[in-house]
Amino acid sequence: MKKVLVLHGINLNMFGKRDPAQYGTVTLAQIDEEVKVFGRELGLEVDCFQTNHEGEMAQRIHDAHTDGTSAVLINAGAWTHYSYGIADALAILEVPVIEVHMSHVHGREEFRHHSVFAPVVKGVVSGLGVDSYKMALRAAANLLS
Ligand code: DQA
């Protein structure tokens, strides 16, 4: 079974408590469960990882080179908008990377409109809540088939 790595960055462990107008009340554990169940329907194994530490995120991305990961979904939270370190780590990967956001980043504050990951990702799914992850996983399945 092909393995898809789902990465969650800074502050995303607070989904469920954080700004429900933007992110709803779903918790990260519920998101991970829903994405894993959908992965099984698509014939994919989903591995989820969250950290608030940029170096740990870079290390997890490096580990994806050798752990059999076939595609990566990443919601890096605010790092999306400024972390060249995470962008560089993603750029080293040879597998497809899809950027994900729960909220509609282009309808929010200006600083959220820019992604430093844009040159290194296949595409972006934003604004659809948990469905952003599920639509990105569907796209990953299509890219891998
Ligand atoms: C987010 C959007 C980012 O701008 C924000 O910093 C987050 C969450 C989203 O999922 O909508 O932490 O990535």
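Scroll up to find the structure.
For clarity, every value in this text was computed on a predicted model and none was experimentally measured.

Asks: How do you make sense of the packing of helix α2 (residues 28–41) against helix α6 (residues 130–144) when you look at a structure like this?
Replies: The description of two helices packed together rests on the angle between their axes and the distance between the axes. Interaxial distance between α2 and α6 falls to 10 Å at its minimum, and their mutual angle equals 30°. Put simply, α2 runs roughly parallel to α6. The way α2 lies across α6 gives a crossing that is right-handed. On the side of α2, the interface is formed by Ile 31, Glu 34, Val 35, Phe 38 and Gly 39, while α6 contributes Val 130, Tyr 133, Lys 134, Leu 137 and Arg 138. Here the residues of the contact of α2 with α6 sort into 6 nonpolar, 1 polar and 3 charged.

Asks: Where do I start with the nonpolar core in this structure?
Replies: Inside soluble globular proteins, nonpolar side chains tend to come together where they are buried. Membership of the largest hydrophobic core comes to 26 residues, with the highest contact counts inside it found for Phe 15, Ile 31, Leu 73, Tyr 133 and Leu 137. Of all the elements in the fold, those that place two or more residues in this core are β1 (2–8), α2, β2 (44–50), β3 (69–75), β4 (97–101) and α6. Among the elements that take part in this core, α6 stands out by supplying 7 residues, more than any other. Ile 31 has contacts with His 8, Phe 15, Val 26, Met 102, Val 130 and Tyr 133, leaving out every residue within four places of it along the chain. Ranked by size, the runner-up nonpolar core spans 19 residues in total, among them Leu 5, Val 72, Ala 76 and Leu 93.

Asks: Help me out: how do you make sense of the environment of Gly 85 in this one?
Replies: Within the fold, Gly 85 resides in helix α5 (residues 84–92). The exposure class assigned to Gly 85 is partly exposed, which follows from its relative accessible area of 42%. Distance in space between the C-alpha atoms of Gly 85 and Glu 34 is 29 Å, their sequence separation being 51 residues.

Thresholds, definitions, all that
- Residues numbered from 1 in each chain as written.
- Predicted model: local features only at pLDDT ≥ 70, side-chain atom pairs only at ≥ 80, totals over all residues.
- Heavy atoms only, no water.
- Axes fitted to C-alpha atoms, helices over the stretch in contact; angles between N-to-C directions.
- Helix = DSSP H or I, 4+ residues; strand = E, 2+ residues; numbered from the N terminus.
- Parallel < 35°, antiparallel > 145°, perpendicular 65-115°, else oblique.
- Left-handed = near helix turned anticlockwise from the far one by under 90°.
- Contact = heavy atoms within 4.5 Å.
- Nonpolar A, V, L, I, M, F, W, Y, C, P; charged D, E, K, R; others polar.
- Core = buried A, V, L, I, M, F, W, Y, C linked by side-chain atoms within 4.5 Å.
- Buried < 20%, exposed > 50% of the residue type's maximum accessible area, 1.4 Å probe, protein only.

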